[in-house]
Amino acid sequence: MQTGLEFLTALKQGEVDASPMAHTLPMVLIEASEGKVVYRVTPNKSHLNVQGGVHGGFCATALDTSTGGAAHSVLGSNTGYGTIDLNVKMIRPMQIDTAYYAHGELINAGRNIITTEGKIVDDQGKIYAFASATFMIIRR
């Protein structure tokens, strides 16, 4: 069994298939280290809401993935995790066909709970959304 970081490294290198959600929400893991991940995410017209803006669910999903990746990166083998809380704040509209970066970073890893934070930024580092997340460790 792989550790969380070993799995994320294999995903980044294309040795492991991306999840089906990574096809629904275009995201590619571009950085992974202990306690930190970065995904490139690119909304397209299929992610628009009825008002013509990028749906808030796009941000929530990208941030759940990146904060979860940060949690995953510190787990040992034969250990999983599940999101128990995700608090997302969207502060400016995203544009379709533009690449953004969803960063996830560890705040604390306890015995049963992991806390992380995340943000979605553009190439210049301008923040579009941010989140805090809590994950339950699942031992198999």
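Residues numbered from 1 in each chain as written. Predicted model: local features only at pLDDT ≥ 70, side-chain atom pairs only at ≥ 80, totals over all residues. Heavy atoms only, no water.

- An unreviewed UniProt entry lists the chain under the name Thioesterase domain-containing protein, with Acinetobacter soli NIPH 2899 as the source organism.
- Word for word, the UniProt comment on the chain under Sequence similarities (unreviewed entry) is "Belongs to the thioesterase PaaI family." (UniProt positions renumbered as here; feature names shortened; annotations may be inferred.)

## With respect to the side chain of Ser66
Next up, step 1: Examined against the element boundaries, Ser66 turns out to sit in helix α3 (residues 56-72).
Next up, step 2: Here the side chain of Ser66 touches His103 through a polar contact of 3.4 Å, landing on its backbone oxygen.
Next up, step 3: Apart from residues no more than four positions distant in its own chain, Ser66 is found in contact with Val37, Tyr39, Ala102, His103 and Gly104. (Helix = DSSP H or I, 4+ residues; strand = E, 2+ residues; numbered from the N terminus. Polar contact = N/O pair within 3.5 Å; in protein donor to acceptor, adjacent residues only side chain to side chain. Contact = heavy atoms within 4.5 Å.)

## A few points about helix α1 (residues 4-12)
Next up, step 1: Along α1, the positions that sit buried rather than exposed are Gly4, Leu8, Ala10 and Leu11. Along the axis of α1, the buried residues cluster in a sector spanning 160 degrees; they form a single face.
Next up, step 2: Against β1 (27-33), β2 (36-41) and α3 lie the buried residues of α1.
Next up, step 3: Two residues or fewer past α1, Gly14 is found with a positive phi of approximately 80 degrees. (Buried < 20%, exposed > 50% of the residue type's maximum accessible area, 1.4 Å probe, protein only. Arc of directions from axis to C-beta.)

## A few points about the sheet that holds strand β5 (residues 113-121)
Next up, step 1: If you walk across this open sheet you meet the six strands as β1-β2-β4-β5-β6-β3, and the pairing is antiparallel. Every other strand in the sheet has two partners, leaving β1 and β3 (79-90) as the edge strands with one partner each. On average, adjacent strands in this sheet sit at an angle of 20 degrees to one another, irrespective of strand direction.
Next up, step 2: With eight bridges connecting them, strand β4 (residues 100-109) and β5 associate as antiparallel partners. Bridging from a neighbouring strand, Tyr101 pairs with Val121 of β5.
Next up, step 3: Strands β1 and β2 of the sheet are contacted by α1, whose axis makes an angle of about 135 degrees with β1. (Pairing = 2+ DSSP bridges. Axes fitted to C-alpha atoms, helices over the stretch in contact; angles between N-to-C directions.)

## Topic: the pairing of β5
Next up, step 1: Linking β4 to β5, which pair antiparallel, is a turn of three residues.
Next up, step 2: Relative to strand β6 (residues 127-139), β5 is paired through nine bridges, and the arrangement is antiparallel. Bridge pairing in β6 places Thr116 opposite Ala133.

## A closer look at the UniProt feature "domain: Thioesterase" (unreviewed entry) in the chain
Next up, step 1: UniProt feature "domain: Thioesterase" (unreviewed entry): in the numbering of this structure it lies at residues 52-126.
Next up, step 2: Within the segment residues 52-126, helix and strand shares are 23% and 41% respectively, and the terminal C-alpha atoms sit 22 Å apart.

## Things to note about the nonpolar core
Next up, step 1: Counting residues in hydrophobic clusters, the biggest one holds 22 residues, and the most contacted among them are Tyr39, Val41, Met94 and Ile120.
Next up, step 2: Broken down by element, the residue count for this core peaks at four residues, all from α3.
Next up, step 3: Contacts of Met94, omitting those with residues within four sequence positions, involve Pro43, Val54, Phe58, Cys59, Tyr100, Ile120 and Tyr128.
Next up, step 4: One finds Ala71, Leu75, Ile114 and Phe135 within the second-largest nonpolar core, a separate group that totals six residues. (Core = buried A, V, L, I, M, F, W, Y, C linked by side-chain atoms within 4.5 Å.)

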